[in-house]
Amino acid sequence: MNNKIEQRLTDLGIWWREEDDGSMKRLIIYPECNYRRDTAYFSCPFCVKKYKLNGQPYKYAKPVIHTHGRGDSYGERSPHCTTQARELYGLQCFSFEILPPNFTLSFK
């Protein structure tokens, strides 16, 4: 994970961790989700609605809302991030972890 990704997640107060499965490192992000029926939705820490011609996001561009159907289970979901966001942050292998409502992450 590069410093740009780490700084963005830290600035937004979003929990994350890295996993190493032997062949590659993977970033897992724990966004703060809202729920409606069987759908979880959250503001993406990387995607915004409007980019400049040079690929940089506008300063006050609004974040994109990603939705993930959770069905009967929570857990890891693949990202729906835009090409511009992936290139801007150098995003490689990562996923979002959808947690149950009222779940609290804490250090042990």
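Here is what the cut-offs are and how they apply
Counting starts from 1 at the beginning of each chain's written sequence and moves along it residue by residue. Given that this is a predicted model, residues contribute local features only at a pLDDT of at least 70 and side-chain atom pairs are listed and counted only at 80 or more, while totals for whole chains, interfaces and linings are drawn from all residues. With hydrogens and water excluded, all non-hydrogen atoms of the structure serve as input to the side-chain values. Strand pairing follows a simple DSSP-based rule, namely that at least 2 bridges must link the two strands. Working definition: helices are DSSP H or I runs of at least four residues, strands are E runs of at least two. Numbering for both runs from the N terminus. Lines fitted to the C-alpha atoms define the axes, with helices restricted to the stretch that makes contact. Angles between their N-to-C directions range from 0 to 180 degrees. Contacts between residues were defined by any pair of non-hydrogen atoms, one from each residue, lying within 4.5 Å. Take the buried residues of types Ala, Val, Leu, Ile, Met, Phe, Trp, Tyr and Cys, join any two whose side-chain atoms come within 4.5 Å, and each joined set is a nonpolar core. Note on classification: 1.4 Å probe, protein chains only; a residue is buried when its accessible area is under 20% of the maximum for its type, exposed when over 50%, partly exposed between these limits. Positive charges are assigned to Lys and Arg, negative charges to Asp and Glu, while His and the chain termini are left out of the count. Salt bridges are defined by distance alone: a side-chain nitrogen of Lys or Arg within 4 Å of a carboxyl oxygen of Asp or Glu. The rule is short: rings of Phe, Tyr and Trp, with Trp giving its six-membered ring, pair when the centres are within 6.5 Å, and they are stacked under 30 degrees, edge-to-face over 60, tilted in between.

Enquirer: Can you walk me through the sheet that holds strand 3 (residues 34-36) in this structure?
Expert: By way of backbone hydrogen bonds, the strands of a sheet pair with one another, either parallel or antiparallel. Taken in spatial order, the 3 strands make up an open sheet running 3-4-5, and their pairing is antiparallel. In this open sheet, the two strands that pair with only one neighbour each are strand 3 and strand 5 (63-69). Across the sheet, the axes of successive neighbouring strands diverge by a mean angle of 40°, strand direction being ignored. Pairing analysis gives 3 bridges linking strand 3 to strand 4 (residues 39-48), with the strands arranged antiparallel. Within strand 4, the residue paired with Arg36 across the bridge is Thr39.

Enquirer: Looking at this structure, how should I read the sheet that holds strand 2 (residues 25-30)?
Expert: Spatial strand order, 1-2-7-6: 4 strands in an open sheet with mixed pairing. Each edge of the open sheet carries a strand with a single partner, namely strand 1 (15-20) and strand 6 (75-77). Between one strand axis and the next, the sheet turns by 30° as a mean value, whatever way the strands run.

Enquirer: Explain the side chain of Ser95 here, please?
Expert: Mapped onto the elements, Ser95 comes out in strand 7 (residues 94-98). Once residues lying within four places of it in the same chain are set aside, the contact partners of Ser95 are Arg26, Leu27, Ile28, Ile29, Glu76, Arg77 and Pro79.

Enquirer: Help me out: how do you make sense of the nonpolar core in this one?
Expert: One broad trend across soluble globular proteins is that nonpolar side chains are buried collectively. The biggest cluster of nonpolar side chains holds 22 residues, and the ones touching the most others in it are Ile5, Leu9, Ile29, Phe46, Cys81, Phe94 and Phe96. Elements with a contribution of two residues or more to this core: helix 1 (3-12), strand 2, strand 4, helix 2 (83-89) and strand 7. When residues in this core are grouped by element, the largest group, 6 residues, is from strand 4. Once residues within four sequence positions are removed from consideration, Cys81 is found in contact with Cys44, Phe46, Cys47, His66, Arg86, Phe94 and Phe96.

Enquirer: Quick question: what am I supposed to make of the side chain of Glu97 here?
Expert: Turning to its location among the elements, Glu97 is positioned in strand 7. Notably, Glu97 is buried but unbridged: the nearest opposite-charge side chain belongs to Arg17, and the N-O separation is 5.0 Å.

Enquirer: It is not clear to me how the pairing of strand 2 should be interpreted in this structure. Could you clarify?
Expert: Within a regular strand, side chains alternate between the sheet's two faces. Bridging between strand 1 and strand 2 involves 6 bridges; their strand directions are antiparallel. Counterpart to Asp20 in the pairing with strand 2 is Lys25. Sheet analysis places strand 2 next to strand 7, joined by 3 bridges and oriented parallel. In the sheet register, Leu27 faces strand 7, and the bridge partner there is Phe94.

Enquirer: Mind showing me how you'd approach the packing of aromatic side chains here?
Expert: A ring pair, where both rings are aromatic, is described by two values, the distance of the centres and the angle of the planes. Under the defined criterion, the tally for this structure stands at 4 aromatic pairs. Here Phe46 and Phe94 contribute two aromatic rings whose centre-to-centre distance is 6.0 Å and whose plane-to-plane angle is 85°, an arrangement assigned as edge-to-face. Here Phe94 lies in strand 7 and Phe46 lies in strand 4, a separation of 48 residues in the sequence. Residue Phe46 is classed as buried on the basis of its relative accessible area of 2%. According to the relative accessible area criterion, Phe94 is buried, its value standing at 6%.

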